[in-house]
Amino acid sequence: MISYPEFSDNCARLEERVAAAARSCGRSPSEIKILPVTKFHPLEAVEFARRCGFESVGENRVQEAADKIGRADFKISWELIGHLQSNKAGLAVKLFDRIQSVDSKRLLEKIDFHARGLGKVQRVLLQINAGNDPAKFGADLSDGPELLEFALGLPNVSVEGLMAIAPIDSTLRAAEECFLSLRNLRDALQREFSRPLPELSMGMSGDLEPAVAAGSTMIRVGTFLFGDRER
Ligand SMILES: *Cc1c(COP(=O)(O)O)cnc(C)c1O
């Protein structure tokens, strides 16, 4: 695990990278939030993020996050960005402020059910396999409208936008195509359902520039901030 000064340095370098990416496509850097991804790093990584002024972190696994949340003696928001199995939906609803990896009606139903039990409206993003990667989770682009329509009928779920991961090992050009597909879907869904879907969660350490160019509002960054993961 890196030291706090190193982390703080990486934050400054990341902010410069985001600012440069935003400038080169005429956007304001303030439109792009950074979600530090603390998966496979100790709780200390979350503490670093909080100390640096971040209000939320991203975790991939429900159990790993549960362990950290149980030990954290400070407040921060937790976002689930990894695949969610429906048998863990109840625990995820209890723990996470937002679930970015919702990709099926079955999962939406479970989340709505558990959220109702807790008297909570669960904030979610719909994960779309916008790069048609056979190895990736996420709903097909063509299933986006049906999934959103279904979600909008659930009283205890609130859809705030879309999330995508570019195919593994894709070129920057291919990543940008994936991100543009997600953005186009978002724009089309907003028109079709007359409902704002402001969040476009896309871009990671290796492909944040094409994501910003395609309209990302949130990049999820692990390696660039914290170094290599410990598992
Ligand atoms: C691990 C992960 C990230 C962060 O990836 P880095 O390349 O380490 O920045 C972002 N999003 C998801 C869904 C991830 O699983």
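Per chain, the residues get numbers from 1 upward, laid out in the order the sequence is written. Reporting in this predicted model follows two pLDDT cut-offs: at least 70 for local features of residues, and 80 or more for side-chain atom pairs to be given and counted; totals over whole chains, interfaces and linings ignore these cut-offs and use all residues. Computation of side-chain values covers all heavy atoms of the structure but excludes hydrogens and water.

Here's the deal with unusual backbone geometry
What counts is decided by this rule: Each helix corresponds to a stretch of at least 4 residues labelled H or I by DSSP, and each strand to a stretch of at least 2 residues labelled E; elements are numbered beginning at the N terminus.
With phi around 65 degrees, Asp169 is a residue other than glycine that occupies positive phi space. Relative to the assigned elements, Asp169 resides in the loop between strand S6 (157–163) and helix H7 (172–193).

Observations concerning the site of the ligand
What counts here: For this purpose, a residue is taken to be near a molecule or strand whenever a single non-hydrogen atom of the residue falls within 4 Å of it. Distance and chemistry together define a polar contact, namely a pair of N or O atoms within 3.5 Å, with one atom able to donate a hydrogen and the other to accept it when in protein, and with adjacent residues in sequence counting only for side-chain atoms on both sides. Each accessible area is a Shrake-Rupley result for a 1.4 Å probe, and residues are judged covered by the shown protein chains and nothing else. Polar here means any residue outside two lists: the nonpolar Ala, Val, Leu, Ile, Met, Phe, Trp, Tyr, Cys and Pro, and the charged Asp, Glu, Lys and Arg; Gly therefore counts as polar.
Every residue near the ligand is listed here: Val37, Lys39, Asn60, Ile81, Ile165, Met204, Ser205, Arg220, Val221, Gly222, Thr223 and Arg229. Contacts to the ligand include Arg220, whose side-chain N or O atom sits 2.9 Å from a nitrogen atom. Thr223 places a polar side-chain atom, nitrogen or oxygen, 2.5 Å from an oxygen atom of the ligand. Contact with the protein chains removes 90% of the 390 Å² of surface that the ligand exposes when unbound. Among the residues forming the shell around the ligand, the class breakdown is five nonpolar, four polar and three charged.

Remarks on the pairing of strand S8 (residues 218–221)
We count it as follows: Exposure is judged per residue with a 1.4 Å probe applied to protein chains only, and the accessible area is read against the type maximum: over 50% gives exposed, under 20% gives buried, and values in between give partly exposed. Should DSSP find at least two bridges between two strands, the strands are taken to pair.
Judged by which residues are buried, S8 turns out to be covered on both faces: Met218 and Arg220 on one side and Ile219 and Val221 on the other are all buried. Relative to S8, strand S1 (residues 33–36) runs parallel, the two sharing four bridges. The residue of S8 that forms the bridge with Ile34 is Ile219.

What about the packing of helix H5 (residues 105–117) against helix H6 (residues 144–152)?
Definition in use: Angles run from 0 to 180 degrees between N-to-C directions of axes, and those axes are lines fitted to C-alpha atoms, restricted for helices to the stretch in contact. Should an angle fall under 35 degrees it is called roughly parallel, over 145 degrees roughly antiparallel, and 65 to 115 degrees roughly perpendicular, with every other angle called oblique. If you view the pair so one helix is near and one far, a crossing is left-handed when the near helix is turned anticlockwise from the far one by less than a right angle, and right-handed when it is turned clockwise. When checking whether two residues touch, look at their non-hydrogen atoms; a contact exists if any pair is within 4.5 Å.
The geometry of H5 relative to H6 is characterised by a closest axis approach of 10 Å and an angle of 15 degrees between their N-to-C directions. With respect to their mutual orientation, H5 and H6 come out roughly parallel. Seen from above, H5 lies across H6 with right-handed handedness. Contact with H5, carried on its side by Lys105, Leu108 and Glu109, involves Glu146, Leu147, Phe150 and Ala151 of H6 and no other residues of that element. Across the contact of H5 with H6, the residue classes break down as four nonpolar, no polar and three charged.

Side note on the pattern of salt bridges
Our working rule: Whenever a carboxyl oxygen of Asp or Glu lies within 4 Å of a side-chain nitrogen of Lys or Arg, that contact is scored as a salt bridge.
Counted by the stated rule, this structure contains 17 salt bridges. One salt bridge connects Arg71 with Asp67, and the closest N-O pair in it is separated by 3.2 Å. Here Arg71 pairs with Asp67, and both are found in helix H3 (residues 62–71), just four residues apart, close to one helical turn. A relative accessible area of 41% means that Asp67 is categorised as partly exposed. Close ionic contact of Arg98 with Glu199 constitutes a salt bridge, the shortest N to O distance being 2.8 Å. Pair noted here: Arg98 is in strand S4 (residues 98–102) and Glu199 is in strand S7 (residues 199–201), with a separation of 101 residues, a long-range link.

Looking at the packing of aromatic side chains
Spelled out, the test is: Two rings from Phe, Tyr or Trp (for Trp, the six-membered ring) form a pair when their centres are within 6.5 Å of each other. A pair whose planes differ by under 30 degrees is stacked, one over 60 is edge-to-face, and the rest are tilted. Ring-over charges, as used throughout, are those where CZ of Arg or NZ of Lys falls within 6 Å of the ring centre and within 35 degrees of the ring normal.
The tally for this structure, following the rule as stated, stands at four aromatic pairs. Within the aromatic cluster, the residues linked to one another by ring pairs are Tyr4, Phe7, Phe48 and Phe226. Directly above the ring of Phe224 sits Arg17, whose terminal nitrogen or CZ lies 4.9 Å from the centroid. One cation-aromatic arrangement involves Arg51 over Tyr4; the distance from NZ or CZ to the ring centre is 4.0 Å.

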